[in-house]
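Chain and residue survey
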Amino acid sequence: MTADEHLLILVLALLLDRFVGDPDWLWQRFPHPVVLFGKAISAFDQRFNAKHLPGVLRRRNGLMSIVALLMGAAIAGWAIHGFLAFFGWLGILVEAGLVAVFMAQKSLADHVGEVSRALRSDGLEGGRLAVSRIVGRDPETLDEPGICRAAIESLAENFSDGVVAPALWYGVFGLPGLFFYKMLNTADSMIGHKSETYVDFGRAAARLDDIANWPAARLSILLIAAGALAKRGISALGNAIRIAVRDGGLHRSPNSGRPEAAMAGALDIQLAGPRIYGGELVREPMINGAGRDTATVSDVEAGISIFYSACSMLTLLAFLGFLLLL
């Protein structure tokens, strides 16, 4: 498959995910590929992360496990791509549909939009229930501005690792790269946290995921800024870039703070700061501390608008790459 066909598939996948998303009827009948990745990760976890093992051995097992999982994912992507290449245009369309499965434009916007709809129709309790589906912090500790901030932070962070990163990994490395990235990102979400069970076994997965997401997190700044320009004007573009450069490193994650800071600047609101996870207070600096300290439902809706505009910029970028190669 030529490079221009490669980018054409990416454009088709982004458009398909944007307007169709993940239909529930499909995944009620078939297992989502990420679910299959999760089962593979769980199998390695159960086999090689026994509690009686010393930390050094669990770290070694974790490294060997993630390497094996990533190699298996890349080989599967290579095999599927090779098989589809025999079918010409039909294979291109099928691969575009498969790539779209790993994107999260419409599903992410729908979930965040449900938070704003719940707040407007069902008040604080409805908003807490809706936001609990997309963030890990304790919903009962959140007031309405806290719910809105949590939704916006989730939108910005997942734009990077749920949209930009899969597109970038597919655009550069094809289906093997996309499978590699999604396996790694799934492993990070399952075993990459610093709990007693996974602080050693998941260490390699967490570190590799940070590296894999580094380029997308920085590209997402420019895309969010471009989206802000389209929706809110030149001042929003400048503010998004300025806050991202200044405050992007305040987050505990080396990547998540970049798109969050860009979105905070675009909307001129404060994000991050102290919050509660699992009953424990996590103290972090406020991103865009000079911005408005009260996020509103309107800010959530404006964030979704900027998000969709940024997704359009990503699709346009892929299309321009296709035209240049063509």
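Residues numbered from 1 in each chain as written. Predicted model: local features only at pLDDT ≥ 70, side-chain atom pairs only at ≥ 80, totals over all residues. Heavy atoms only, no water.

1. A look at the UniProt feature "transmembrane region" (unreviewed entry) in the protein chain
Under the feature "transmembrane region" (unreviewed entry), the UniProt entry names residues 62–80 and 306–325. Helix makes up 100% of residues 62–80 and strand makes up 0%, while its end C-alpha atoms are separated by 27 Å. With 100% helix and 0% strand, the stretch residues 306–325 has end C-alpha atoms that lie 29 Å from each other. (UniProt positions renumbered as here; feature names shortened; annotations may be inferred. Helix = DSSP H or I, 4+ residues; strand = E, 2+ residues; numbered from the N terminus.)

2. With respect to the packing of helix H9 (residues 234–247) against helix H10 (residues 257–267)
To describe two helices that pack against each other, one gives the angle between their axes and the distance between the axes. As a packed pair, H9 and H10 sit with axes 7 Å apart at the nearest point and diverge in direction by 140 degrees. When the interaxial angle is binned, H9 and H10 end up oblique. Once H9 is placed against H10, the crossing between them reads as right-handed. From H9, Ala 236, Asn 239, Ala 240, Ile 243, Ala 244 and Asp 247 reach across to H10, where they touch Arg 258, Ala 261, Ala 262, Gly 265 and Ala 266. (Axes fitted to C-alpha atoms, helices over the stretch in contact; angles between N-to-C directions. Parallel < 35°, antiparallel > 145°, perpendicular 65-115°, else oblique. Left-handed = near helix turned anticlockwise from the far one by under 90°. Contact = heavy atoms within 4.5 Å.)

3. Overview of H9
Between its first and last C-alpha atoms H9 spans 20 Å; for 14 residues at 1.5 Å apiece the expected length is 20 Å, and the two agree. Every buried residue of H9 is accounted for by Ala 236, Asn 239, Ala 240, Ile 243, Ala 244 and Asp 247. Seen end-on, H9 carries its buried residues on one side only, within an arc spanning 125 degrees. Residues of H9 that are exposed and point more than 90 degrees away from the buried face comprise Ile 234 and Val 245. Buried residues in H9 make contact with helix H8 (203–232), H10 and strand S4 (286–287). (Expected span 1.5 Å × (residues − 1). Buried < 20%, exposed > 50% of the residue type's maximum accessible area, 1.4 Å probe, protein only. Arc of directions from axis to C-beta.)

4. Describing the side chain of Asn 239
Secondary-structure assignment places Asn 239 in helix H9. The class of Asn 239 is buried, set by a relative accessible area of 14%. In terms of polar contacts, Asn 239 uses its side chain to reach the side chain of Arg 242, at 2.4 Å. For Asn 239, the side chain forms a polar contact with the main-chain oxygen of Gly 265, separated by 2.7 Å. (Polar contact = N/O pair within 3.5 Å; in protein donor to acceptor, adjacent residues only side chain to side chain.)

5. Overview of the pattern of salt bridges
Evaluation of the coordinates by the stated rule reveals 9 salt bridges. Between Arg 120 and Glu 301 there is a salt bridge, and its shortest N-O distance comes to 2.9 Å. Residue Arg 120 is found in helix H6 (residues 105–131), and its partner Glu 301 is found in helix H11 (residues 297–325); the two are separated by 181 residues along the sequence. With a closest N to O distance of 3.6 Å, Glu 140 and Arg 128 form a salt bridge. Of this pair, Glu 140 sits in the loop between H6 and helix H7 (144–191) while Arg 128 sits in helix H6, and the two are 12 residues apart along the sequence. Judged by its relative accessible area of 55%, Glu 140 is exposed. (Salt bridge = Lys/Arg side-chain N within 4 Å of Asp/Glu carboxyl O.)

6. As for the packing of aromatic side chains
Summed over all chains, the structure comprises 11 aromatic pairs. Centre to centre, the rings of Phe 37 and Phe 102 are 6.1 Å apart; their planes meet at 25 degrees, and the pair counts as stacked. Taken as a pair, Phe 37 in helix H3 (residues 33–48) and Phe 102 in the loop between helix H5 (88–101) and H6 lie far apart in primary sequence, 65 residues in all. In this structure, Phe 37 and Phe 102 share a single accessibility class: buried. Counting every residue linked through ring pairs, the aromatic cluster contains Trp 169, Phe 173, Phe 180 and Tyr 181. (Phe/Tyr/Trp six-rings, centres within 6.5 Å; stacked < 30°, edge-to-face > 60°.)

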